[in-house]
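Geometric and topological summary
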Amino acid sequence: MKNIIKHIILITKHKWLVFIFCCKIGIPFRGFMHDWSKYSPTEFLESIKYYKGDRSPIVECKKIEGYSKAWLHHKGRNKHHPEYWVDETAPDSTPVMPYKYVAEMICDKLAACKIYNGKNFTNSSELEYWKKKRKESRINKKVSNMLTEVFTQVSRQGINATLTKKNIKELYKKHCGPEYLLGNGKK
Ligand SMILES: [Zn+2]
C-alpha cells in the first residue's frame, strides 16, 4: 500500500518536472503527453512490486525476472525512448529520432536524474550518468553526440540556460542535420 502511494507521487512528480522542462523548450504538448502509459496496469503493478524510489523499478525487475513486461509495454508506446525506434530489419536499425521526441527525451533524462538523485543532484549528475550509459545504449550516434553536448552544457551553465528552444534546436541541427527538422525527421 505504501509503495502504491510512493510510486504515484514519484511518477506524478516526474511527469510534472518533464512538463516544466518541455515548456521551456517550446513543446508543452509533448510534456503533457509524457509517460501516461505508466498508469496502465501492466506498468503500474510491476513498478509498485519493484518500487525503489532512488532508481527505476524496471531495472530491479529485470535483475530478478530477467525481463520487464512494463518496459516492453512502455518502450513500445513512448516515442521519446530510442528503443521505440530500433528495428533490426530497417536499413538503419537505430535511425535519427524526430526532433520533438529527442527534445522530450532530454527533458525526461534530466527530470529523472533530478528526482532519483534528490539532494545529491548537481548539474554534472546527468553528464556523469550519460557517459556510462551511452556505450550500451541503442541510440543513433548523431543523437548520442547531441545528448553528450546538451548534458555537458548543463554541467557548465545549468538547466535553465541550456533548455531553451533556440539552443536545443540548434544542437539538433548541428548534430543530426537540418533535414531532420523538416517533415518530422523524414529526410
Ligand atoms: Zn518514458
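Up top is the structure these notes are about.
Heads up: these notes are all about the structure in this document. In this text the structure is predicted, and so the values were computed from the model without any measurement. (Residues numbered from 1 in each chain as written. Predicted model: local features only at pLDDT ≥ 70, side-chain atom pairs only at ≥ 80, totals over all residues. Heavy atoms only, no water.)

Relative to the elements of secondary structure, S144 occurs in helix α9 (residues 141-157). Leave out the neighbours within four places in its chain, and S144 touches W130, R134 and I139. (Helix = DSSP H or I, 4+ residues; strand = E, 2+ residues; numbered from the N terminus. Contact = heavy atoms within 4.5 Å.)

We now examine the coordination of the zinc ion. Donor atoms from the polypeptide that coordinate the zinc ion comprise D35 (OD), H74 (NE2), H80 (NE2) and H81 (NE2), at 2.2 to 2.3 Å from the metal. In this structure, the zinc ion is coordinated by 4 donor atoms arranged in irregular fashion, with angles at the metal of 81 to 156 degrees. Mapped onto the sequence, the residues coordinating the zinc ion show the spacing D-x38-H-x5-H-H. Here H74 lies in helix α5 (residues 69-75) and D35 lies in the loop between α2 (28-33) and α3 (41-49), a separation of 39 residues in the sequence. Residue class for D35 comes out buried when judged on its relative accessible area of 2%. For H74, a relative accessible area of 3% translates into the label buried. (Donors = N, O, S within 2.8 Å, 3.2 Å for Na, K, Ca; no water. Tetrahedral: all angles 85-135°; square planar, octahedral: opposite > 155°, others 65-115°. Buried < 20%, exposed > 50% of the residue type's maximum accessible area, 1.4 Å probe, protein only.)

Further remarks concern the packing of helix α7 (residues 99-117) against helix α11 (residues 165-176). Running from N to C, α7 and α11 cross one another at 120 degrees; their axes reach a closest spacing of 11 Å. Our pair here, α7 against α11, has a crossing hand that is right-handed. Here α7 contributes Y99, V102, A103 and I106 to the contact with α11, which in turn contributes K165, I168, K169 and Y172. In terms of residue class, the contact of α7 with α11 is built from 6 nonpolar, no polar and 2 charged. (Axes fitted to C-alpha atoms, helices over the stretch in contact; angles between N-to-C directions. Left-handed = near helix turned anticlockwise from the far one by under 90°. Nonpolar A, V, L, I, M, F, W, Y, C, P; charged D, E, K, R; others polar.)

The values are spatial; any link to function lies outside them.
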